[in-house]
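Below, each chain spelled out in residue letters.
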Amino acid sequence: MSEKKKSINSALDTRAFINEANNIIAKKLDGEKRRLFLKQGLTLGGIVMLTGCDISDNSSVDKALTTMSGFNDRVQAWLFDGQRLAPVYTESQMTRPFPFNAYYGEDDAPVIDPNNYELDIAGLVSDKRSWTLPMLHKMSSVSQITRHICVEGWSAIGKWGGIPFADFLKIIGADLTAKYVSFKCEDDYYTSIDMATALHPQTLLALTYDGQILPRKYGFPMKLRMPTKLGYKNPKHIKVIEVTNQYPGGYWEDQGYNWFGGS
Ligand SMILES: Nc1nc2c(c(=O)[nH]1)N[C@H]1C(S)=C(S)[C@@H](COP(=O)(O)O)O[C@H]1N2
Ligand SMILES: [Mo]
């Protein structure tokens, strides 16, 4: 059995916990919010993100459930406020080395020639010109140290730098009332996010990791970095960005992972 399959199975063992956690949250919501929540629910990783508890043993499972039953506004903020900020960390808290993850091994990460690379833009945008790497590196950038949480049961703190994605969407004349932004990657990976998350102030079109050009294993030449979403929602090696109203799904989402995937 592959590592990925094994971890999906161990995630299934925790189904009872996830159901209970989702019941607690659902009880705190009403009306439209409750309806939306019941449609999506939270994954194990989403619950970890929400409670800040590491639920790898039974005592922390209890702690997570207790924490959750005690809060109200925080749940709603996490779930529905597109502007709520994820925690930021200091340089000394960074995880070294930062883990690699993909649906294949590290040696199979795509090899991309920076001189021939172009980022393509599609869908509901007024400027569909492609972007070379020098064009992207000329844009003003910011950096942030945040926690990446993977549903496979690990999390790590890293520093990413790049263009605030909201700025990028405005520059290409994206229809900011569209529902989704989808990403196609140089491997066969793809994923998509809601517009509120695309416009979130901490969502970055990341070109660097730890002050260096984004290494091949972490998604050269660029990834979308969102501390409000689980790892699988953060596409690496982005090739095409499309703004759309048609539900685009995703590589793991189409195999049963929750599309909401976090915040
Ligand atoms: N293109 C691409 N992006 C991807 C993946 C992938 O397989 N291909 N895996 C996702 C998952 S599940 C995780 S946890 C993170 C891992 O990113 P890292 O290698 O920087 O830790 O990338 C995400 N983005
Ligand atoms: Mo992941």
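Residues numbered from 1 in each chain as written. Chains lettered and ligands numbered in written order. Predicted model: local features only at pLDDT ≥ 70, side-chain atom pairs only at ≥ 80, totals over all residues. Heavy atoms only, no water.

- The name an unreviewed UniProt entry gives the protein is Molybdopterin-dependent oxidoreductase, with Buttiauxella selenatireducens as the organism.

1. Quick look at the overall build of the protein
- The helix and strand inventory of the protein stands at nine helices and nine strands.
- Burial status across the protein gives 51% buried among its 263 residues.
- Sequence-distant contacts, at least 24 apart, represent 69% of the contacts inside the protein between residues at least 6 apart.
- Summing over all exposed atoms, the protein offers an accessible surface of approximately 12,600 Å²; the carbon and sulfur share of this is 51%. (Helix = DSSP H or I, 4+ residues; strand = E, 2+ residues; numbered from the N terminus. Buried < 20%, exposed > 50% of the residue type's maximum accessible area, 1.4 Å probe, protein only. Contact = heavy atoms within 4.5 Å. Areas by Shrake-Rupley, 256 points an atom, 1.4 Å probe, with all protein chains shown as cover.)

2. Examining the nonpolar core
- If you look at the biggest cluster of nonpolar residues, it comprises 30 residues, and the most contacted ones within it are L119, L136, F165, F168, L205 and I241.
- Beyond its immediate chain neighbours, meaning those up to four positions away, L205 contacts G161, G162, I163, F165, F168, M222, K223, L224, I238 and I241.
- Core analysis: the next-biggest nonpolar cluster, separate from the first, contains 17 residues, I18, A21, L65 and M68 among them. (Core = buried A, V, L, I, M, F, W, Y, C linked by side-chain atoms within 4.5 Å.)

3. A closer look at the site of ligand 1
- Contacts to ligand 1 come from 21 residues, most closely from P99, N101, D187, N234 and K236.
- Between ligand 1 and K236, the relevant distance is 2.6 Å, taken from an oxygen atom to a side-chain nitrogen or oxygen of the residue.
- Protein chains shield 99% of the accessible area of ligand 1, which is 540 Å² for the free molecule.
- Classifying every residue of the shell around ligand 1 gives twelve nonpolar, five polar and four charged. (Near = heavy atom within 4 Å. Polar contact = N/O pair within 3.5 Å; in protein donor to acceptor, adjacent residues only side chain to side chain. Nonpolar A, V, L, I, M, F, W, Y, C, P; charged D, E, K, R; others polar.)

4. As for helix α2 (residues 15-27)
- With 13 residues, α2 extends 18 Å between its outermost C-alpha atoms, agreeing within 8% with the 18 Å of an ideal straight helix rising 1.5 Å per residue.
- All of the buried residues in α2 are F17, I18, A21, N22, I24, I25 and A26. (Expected span 1.5 Å × (residues − 1).)

5. Some words on the pattern of salt bridges
- For the structure on display, the rule yields eight salt bridges.
- Notably, a salt bridge pairs E242 with K184, separated by 3.6 Å at the nearest N-O pair. With E242 in strand β9 (residues 238-244) and K184 in strand β4 (residues 180-185), this residue pair connects regions lying 58 residues apart in the sequence.
- The class for E242 is partly exposed, based on a relative accessible area of 24%.
- According to the relative accessible area criterion, K184 is partly exposed, its value standing at 40%.
- Where K229 meets D194, a salt bridge forms, and the shortest distance between an N and an O atom there is 3.7 Å. Of this pair, K229 sits in the loop between β8 (223-225) and β9 while D194 sits in strand β5 (residues 190-194), and the two are 35 residues apart along the sequence. Both residues of the pair, K229 and D194, belong to the buried class. (Salt bridge = Lys/Arg side-chain N within 4 Å of Asp/Glu carboxyl O.)

6. Some points on the environment of L133
- Inspection of the secondary structure assignment puts L133 in helix α7 (residues 133-138).
- Residue class for L133 comes out buried when judged on its relative accessible area of 7%.
- Sequence separation between L133 and Y117 is 16 residues; the distance between their C-alpha atoms is 7.1 Å.
- Apart from the residues within four sequence positions on either side, L133 is in contact with P114, Y117, F220 and P221.

7. Comments concerning the side chain of H148
- Note that H148 resides in strand β2 (residues 142-150).
- Ignoring any residue separated from it by four or fewer positions in sequence, one finds H148 in contact with F98, W154, S155, A156, W160, K223, R225 and G231.

8. Re helix α4 (residues 44-51)
- Counting buried residues along α4, seven of its eight residues qualify, which places the element largely inside the surrounding structure.
- L44, G45, G46, I47, M49, L50 and T51 are the residues of α4 that are buried.
- With its phi angle positive at about 70°, G52 sits one or two positions after the end of α4.

9. Topic: the confidence of the model for the protein
- Averaged over every residue, the pLDDT of the protein is 86; residues scoring 70 or more account for 86%.
- For residues 4-9, every residue scores under 50 in pLDDT, and the model assigns this stretch nine contacts once sequence neighbours within four places are set aside. (pLDDT = per-residue confidence, 0-100.)

10. Digging into the side chain of E253
- Within the secondary structure layout, E253 lies in the segment after β9.
- On the basis of relative accessible area, E253 is assigned to the buried category, the value being 7%.
- Within the structure, E253 has its side chain in polar contact with the side chain of K233 (distance 2.8 Å).
- In this structure E253 touches Y190, T191, S192, Y232, K233, N258 and W259, once residues within four positions along its chain are discounted.

11. So, the pairing of β5
- For β5, a buried count of four out of five residues is recorded, marking the element as mostly surrounded by other parts of the structure.
- Relative to β5, β4 is paired through five bridges, and the arrangement is antiparallel. Within β5, the position partnered with V181 by the bridge is I193.
- Turn length for the β4-β5 hairpin, with the two strands adjacent in sequence and antiparallel, is four residues. (Pairing = 2+ DSSP bridges.)

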